[in-house]
Structures are given as C-alpha cells and as structure tokens.
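# Residue-level structure breakdown
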Amino acid sequence: MKIVVVGSVAFDNVETPFGKVENVIGGSATFFSVAASFFAPVAVVAVVGEDFPKAELAFLRSRGIDTAGIEVAEGRTFRWTGRYHEDMNLRDTLDLQLNVFAEFQPKLPESYRAAEICFLSNIHPSLQQSVLRQLDRPELVGADTMTHWIQDTRGDLEALLRHVEVLTVNDEEARMLSGERNIVAAARKILTMGPKSLLIKRGEYGVLHFSPDSVFAVPAFPLEQVFDPTGAGDAFAGGFVGALAKCGDFSPPSVRRAIVYGSVMASFVVEDFSLKRLRKLSSEDVEHRYRQFVALTEF
Ligand code: AMP
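Residues numbered from 1 in each chain as written. Predicted model: local features only at pLDDT ≥ 70, side-chain atom pairs only at ≥ 80, totals over all residues. Heavy atoms only, no water.

Of the voids in this model, the second largest pocket is the one considered here, and its volume is about 290 Å³. Around the second largest pocket, the lining comprises 17 residues; the ones closest to its centre are Ser197, His209, Ser211, Phe250 and Val255. Mapped by element, the contributors of at least two residues to the lining of the second largest pocket are β12 (207–211), β13 (214–218), α8 (232–247) and α9 (252–269). With three residues, α9 is the single largest residue contributor to the lining of the second largest pocket. By residue class, the composition of the lining of the second largest pocket is eight nonpolar, five polar and four charged. (1 Å grid on protein atoms, 1.4 Å probe; cavity = no way out; pocket = protein on both sides within 12 Å on 5 of 7 lines; lining within 4 Å. Points joined across faces, edges and corners; volume = space filled by probe spheres on them. Helix = DSSP H or I, 4+ residues; strand = E, 2+ residues; numbered from the N terminus. Nonpolar A, V, L, I, M, F, W, Y, C, P; charged D, E, K, R; others polar.)

With that settled, the discussion passes to the pairing of strand β11 (residues 197–201). Taken across its five residues, β11 has five buried, putting it largely inside the fold. In β11, alternate side chains face the same way, and those of Ser197, Leu199 and Lys201 on one face and Leu198 and Ile200 on the other are all buried. Where strand β10 (residues 166–170) meets β11, five bridges bridge the pair, whose relative direction is parallel. Counted as the bridge partner of leucine 167 is leucine 198 from β11. Sheet topology note: the β11/β12 ladder contains four bridges and is antiparallel. Its bridge partner being in β12, leucine 199 is matched across the sheet by histidine 209. The turn joining β11 and β12, which pair antiparallel and follow one another in sequence, is formed by five residues; a positive phi near 55 degrees is taken by glycine 203. (Buried < 20%, exposed > 50% of the residue type's maximum accessible area, 1.4 Å probe, protein only. Pairing = 2+ DSSP bridges.)

Looking at the ligand, there are 22 residues lining it, with Ser8, Asp12, Gly27, Gly231 and Asp234 nearest. Glycine 27 has a polar backbone atom sitting 2.7 Å from an oxygen atom of the ligand. A distance of 2.7 Å separates an oxygen atom of the ligand from a polar side-chain atom of aspartate 234. Elements that contribute at least two residues to the shell around the ligand include exactly β2 (10–16), α1 (28–36), β6 (78–84), β7 (91–97), α4 (147–152) and α8. Ranked by the residues each element gives to the shell around the ligand, the list is headed by α8, at three residues. (Near = heavy atom within 4 Å. Polar contact = N/O pair within 3.5 Å; in protein donor to acceptor, adjacent residues only side chain to side chain.)

Now for the environment of lysine 54. Relative to the helices and strands, lysine 54 resides in helix α2 (residues 54–62). A residue is classified by how much of its surface remains accessible, and lysine 54, at 69% relative accessible area, is exposed. C-alpha of lysine 54 to C-alpha of valine 72: the two residues are 18 residues apart in sequence and 10.0 Å apart in space.

Time to look at the nonpolar core. Core analysis: the largest hydrophobic core is formed by 108 residues, its most contacted members being Leu120, Phe240 and Met265. Here this core takes 10 residues from α9, the largest share from any one element. Discounting chain neighbours no more than four positions away, the residues touching methionine 265 are Ala35, Phe38, Phe39, Ala235, Gly239, Leu278, Leu281 and Val286. (Core = buried A, V, L, I, M, F, W, Y, C linked by side-chain atoms within 4.5 Å. Contact = heavy atoms within 4.5 Å.)

Right, dumping it as structure tokens:
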C-alpha cells in the first residue's frame, strides 16, 4: 500500500544535555518518511525554501521516497529551535518560524491521489485537511499534532479529527486536547472526538494504544545512550504506518506488530542527532531490534 504524508520539512536547532546542533535537517514529514521508507512506498507533501539543500532531497529519493509533492518556494525553509531538559521527556520550543509554510497551499501530484494510506503529520490542521481532501479514498487516515496547534487552532483541529481513524499524541498533548489530567480518561475522551484508535507516546516509558474495547502497552527499547529525542514521535508514526502498509491489513494483531515496529524506529532515531542514525540504518538492523523487542516483552 502507498502512503502519502504531509508535514514539515525543516531546519532544526536542537540542544540536549549531550550537545547542541544547528541547521540540521528535521521536520515531521522528514522523520516520518525516512522511517516509513524501510517498509513501504511513501510520497511526501511539503514545502521548502530555496535554502534547502538539494542533496537532502536527493537523500530522500535515494530511500525510494517520492518527493514530487515537495514544492521549492521562494523564501526560507521552516525552522524549529528546541531545548530538552535534563529529563529528556520534557522540552521547550524556543523558536518556530513557519517561513514558506505560512503561504503554502498544497497541490497534490496526480500520482499521489490514489494512495491507500494518508498520514497527516504535525503541521497546521488546515494544511492537513487540504491534503486529505485531495485524496481519492484513503483506506486509513492517521494524524499527529502538537501543543502549538491544539492551543492556537483548536477549531480546525477538532474538525479534522472527525475524519481521522488513528491519532498519535504524547501525554501532554492528550491532556491538553481532552482537558483531562488522567491519561486513561484523556484517551476515552479523545476516542469520542473522531479517532477510533489512539496512540499515546510516552517517551522513554513507551507507548499506550487505546481503542474503544482494548488497551495495549509497549515499552520503549532500553537504551544506554539517548542523544536527541527529536523526531522520535514522527519516526514512531513512520514505522507504525509503514508496517501496516507493508502487511496490508489493519487487524488488531497487525496493529500490535506495527506498534512494535514504530517503537523500533523511534529507538534508532534517538541514538544520534537529526537523521544521522537513520542514514546508516539497514533493514537487517530493523529486524534485529524487532526480535530484541519481542524477547524483551515475552513472558
Ligand atoms: P517530534 O520530536 O517527533 O515531535 O518532531 C520534531 C520535529 O517536528 C522537528 O524536527 C521539528 O522541525 C518539527 N516541528 C516542531 N514544531 C513543529 C510544528 N509546530 N509544526 C510542524 N513541525 C514542527
């Protein structure tokens, strides 16, 4: 199955307790698509400025990612600056510059329209909605968001959620979106807002999956060194959706396996800054860690 993803393609400045990097490649659609490309064909919808390196678009293509829907516009690429706390489950956004995204009106290439899966990764909900409207009839629609959009564009986000089957958020986003403190109560409330399936990402504590009649938990892979959590959520979504696209069915056992693949991809991203770890990752590495995950949770 083919996946179409919309989201940010960005320059990031990131500071963690282990170091600081500037002007590195980031963005929700970037992390998502690279992670998903280990499993299934992915096509990206985004915009970059003239300052975005052509070599990075070539890198995406080298992973088999379709970049026909990435527009190169006059102006500067989206920029995000973030700083992680000592407890790296917490981070602050220090600066966010939409730049070329401010005026972006996505127009999907004809070849994208028949995609069976659509993932609306973190970006303005009206852009997410616009991409969804241009697809013929996706069999699965997933979405992600951030506190920024929950606070500033709640109406647009709530309208979008009515068309979303699978939503991925972290604890803080789940609480903010639902108005509930308790995470289970938050999940129950979000499941009345549109999504039939909710994934709550809990950083180093793993992920919880809620559906109307089940709860499923997967730990994060225990790593000795976590350098930079940026992109973990997007890589999780890419691995999860990619694995579903590869097996072609959305049954509960497939969803559970896909959650483990999502956790595998997230565990690689955090081992280094930006895309560094994913650039040298092989499919064998992915399968090896998947087997380690199975051993970790078997009893
Ligand atoms: P994650 O760590 O998975 O939440 O994703 C981090 C990535 O999201 C970074 O590479 C940023 O460039 C990008 N990002 C941060 N804030 C936003 C935002 N408000 N909209 C879209 N992308 C964002």
